[in-house]
Amino acid sequence: MILGLKVDVCTYDGLRVGVPNLLRLFERHGVRASFFVALGPDTSGRALLRALQPGFLAKMRRTGAIRAYGLRTMLSGTLLPPRHPGRRLAGILRAVVAAGHELAIHGYDHRRWQDCIHRMDDQTIRQEIARAVTLYREISGQVPRGFGAPGWQCTAASLRVLDEAGFAYASDTRGTGPFFPRIAGRRVRTLQLPTTFSTLDEVLGLDAPDGDGFAALVCRQLQGTPWPVLTLHAEMEGAGFQAAAEGLLARMRQVGATCLPLEIVAERVLQAGEDGIPVTEVVPRPIRGRAGTVAMPAGLEIT
């Protein structure tokens, strides 16, 4: 049984504090993962502009967002200047690679992508991705294989541009298994590996009262999922909820699940045969525990 393990790193402090904590945790448990890092300026403070979205403030209260993210991050890009994790914390990014994990791209300006992608044209998206790829190559000396859209937000334009960029796979969506997106009747080449489980911030206080409840929920959902992908957040499991991550990895070991980077999962999916991989449109859908919508395969709704 394999589990694709993905860590989204959305903020400066997520990289500065959360990633080193998770690297130590993963080493103790013999776990390999993919770290999807937003490499450009941290403008997280602009998230407060979403306060009128249904469910946003409720989620902030449930997860203790101010405590988890910290006041500096909550004001970054508004009352306080943005910090640039890709340039100022390059040593931590190199440590991810040195420890045997995959370093993947989680966009350039995370907040800009999440809030504005549906208004961006191909050229604007191309520039965002190019900035992240250029910085990635400067830091690592390698070419990125994976891309994960911030906030699981993608459009026909972003899927087209990802195809042009030549990524080996993407993890832009939520769903139940791998698929190829279809745009205007044409199948794109870039395989999608959706996040198949709810995230801690989505279920905390709803389907799981605490970290132990989250681990139990993942274990129940793991059964019968052929290509499962779990997303952690450096700002959550790497900071105030480290005990939840510790318990989760212990449970994974007990049930015999091997955690692997998504680049390896993608290779195994393709080796199993492309003929069996579904092809479908990508559409926005609401999801329990999260404000707004996320990208999903058409016809699938996760509750």
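An account of the accompanying structure is given in this report. (Residues numbered from 1 in each chain as written. Predicted model: local features only at pLDDT ≥ 70, side-chain atom pairs only at ≥ 80, totals over all residues. Heavy atoms only, no water.)

1. Observations concerning the pattern of salt bridges
Oppositely charged side chains may form a pair once their charged atoms are brought near each other.
Here is step 1 of the chain: Per the stated rule, a full pass over the model turns up 17 salt bridges.
Here is step 2 of the chain: Between Lys6 and Asp8 there is a salt bridge, with its nearest N and O atoms 2.8 Å apart.
Here is step 3 of the chain: Relative accessible area serves as the criterion here: at 2%, Asp8 is assigned to the buried category.
Here is step 4 of the chain: Residues Arg131 and Glu128 are paired through a salt bridge, measuring 3.2 Å at the closest nitrogen-oxygen approach. Here Arg131 and its partner Glu128 are both found in helix H8 (residues 122-140), three residues apart, which amounts to about one turn of the helix. (Salt bridge = Lys/Arg side-chain N within 4 Å of Asp/Glu carboxyl O. Buried < 20%, exposed > 50% of the residue type's maximum accessible area, 1.4 Å probe, protein only. Helix = DSSP H or I, 4+ residues; strand = E, 2+ residues; numbered from the N terminus.)

2. Here we look at the packing of H8 against helix H9 (residues 156-165)
Here is step 1 of the chain: Relative to each other, H8 and H9 sit at 50°, their axes nearing to 9 Å. On the basis of the axis angle, H8 is oblique to H9. Of the two elements, H8 crosses H9, and the hand of that crossing is right-handed. Contacts between H8 and H9 involve Asp122, Ile125, Arg126 and Ile129 on the former and, on the latter, Ala157, Ser158, Arg160, Val161, Leu162 and Glu164. (Axes fitted to C-alpha atoms, helices over the stretch in contact; angles between N-to-C directions. Parallel < 35°, antiparallel > 145°, perpendicular 65-115°, else oblique. Left-handed = near helix turned anticlockwise from the far one by under 90°. Contact = heavy atoms within 4.5 Å.)

3. Considering helix H14 (residues 262-271)
Here is step 1 of the chain: When H14 is considered as a whole, its buried residues turn out to be Leu262, Glu263, Ile264, Val265, Ala266 and Val269.
Here is step 2 of the chain: Positive backbone phi, at 120°, marks Gly273, one or two positions downstream of H14.

4. Quick look at the pairing of strand E6 (residues 180-183)
Here is step 1 of the chain: Where E6 and strand E11 (residues 279-280) come together, two bridges link them in parallel fashion. Each bridged residue has a counterpart across the sheet, and for Pro181 the counterpart in E11 is Thr280.
Here is step 2 of the chain: Between E6 and strand E7 (residues 186-187), which pair antiparallel and follow one another directly, the connecting turn spans two residues, one of which, Ala184, has a positive phi of 50°. (Pairing = 2+ DSSP bridges.)

5. Section: the pairing of strand E2 (residues 34-37)
Here is step 1 of the chain: Side-chain alternation along E2 places Ser34 and Phe36 on one buried face and Phe35 and Val37 on a second face that is also buried.
Here is step 2 of the chain: When strand E1 (residues 2-9) meets E2, the two strands line up parallel, connected through four bridges. By the bridge assignment for E2, Lys6 is matched with Ser34.
Here is step 3 of the chain: Since E1 and E2 lie parallel, the crossover through helix H1 (residues 12-29) that links them has a hand, and here it is right-handed.
Here is step 4 of the chain: Taken together, the four bridges between E2 and strand E3 (residues 102-105) define a ladder with parallel strand orientation. From the neighbouring strand, Val37 faces E3, where its bridge partner is Ile105. (Right-handed = clockwise from strand over helix to strand, strands pointing away.)

6. Quick look at helix H13 (residues 242-254)
What sets the pattern is the α-helix's 3.6 residues per turn: residues three or four places apart point alike.
Here is step 1 of the chain: Here H13 contains 13 residues, and its C-alpha end-to-end distance of 19 Å stays within 8% of the 18 Å for a straight helix at 1.5 Å per residue.
Here is step 2 of the chain: Taken residue by residue, H13 has Ala244, Ala245, Leu248, Leu249, Ala250 and Met252 as its buried positions.
Here is step 3 of the chain: Within two residues after H13, Gly256 carries a phi angle of roughly 80°, on the positive side. (Expected span 1.5 Å × (residues − 1).)

7. Some thoughts on the sheet that holds E7
Here is step 1 of the chain: If you walk across this open sheet you meet the three strands as E7-E6-E11, and the pairing is mixed. Sheet topology places E7 and E11 at the edges, where each strand pairs with a single neighbour.
Here is step 2 of the chain: Here two bridges tie E6 to E7, and the two strands are oriented antiparallel to one another. Looking across to E7, one finds that Ile183 is bridged to Arg186.

8. Focus: the state of the cysteines
Here is step 1 of the chain: Across all of its chains, the model carries zero disulfides by this definition.
Here is step 2 of the chain: Summary of cysteine pairing: Cys116 is not part of a disulfide, and the nearest cysteine sulfur, belonging to Cys154, is at 16 Å.
Here is step 3 of the chain: Overall, the relative accessible area of 22% leaves Cys116 in the partly exposed class. (Disulfide = S-S within 2.5 Å.)

9. Some details on the nonpolar core
Here is step 1 of the chain: Core analysis: the biggest nonpolar cluster contains 64 residues, and Leu5, Val19, Phe26, Phe35, Ile129, Leu230 and Met252 have the highest contact counts within it.
Here is step 2 of the chain: Dropping the residues within four chain positions of it, Val19 is found in contact with Val9, Gly14, Phe35, Ile92, Val96 and Ala234.
Here is step 3 of the chain: By size, the runner-up hydrophobic cluster in this structure holds 15 residues, among which are Ile2, Leu191, Leu262 and Ile277. (Core = buried A, V, L, I, M, F, W, Y, C linked by side-chain atoms within 4.5 Å.)

10. Section: the packing of aromatic side chains
Here is step 1 of the chain: In the structure shown here, the tally under the stated rule is four aromatic pairs.
Here is step 2 of the chain: Between Trp113 and Phe147, the aromatic rings sit 5.4 Å apart at their centres with planes inclined by 50°, giving tilted as the arrangement. Within this pair, whereas Trp113 is found in helix H7 (residues 110-116), its partner Phe147 is found in strand E4 (residues 146-147), the two being separated by 34 residues in sequence.
Here is step 3 of the chain: Trp113 sits in the buried class, given a relative accessible area of 1%.
Here is step 4 of the chain: By relative accessible area, Phe147 is classed as buried at 0%.
Here is step 5 of the chain: Put simply, the rings of Trp113, Phe147 and Phe167 pair up and form one aromatic cluster.
Here is step 6 of the chain: If you follow Lys6 out to its NZ or CZ, it ends over the ring of Phe36, 4.9 Å from the centre. (Phe/Tyr/Trp six-rings, centres within 6.5 Å; stacked < 30°, edge-to-face > 60°. Lys NZ or Arg CZ within 6 Å of the ring centre and 35° of its normal.)

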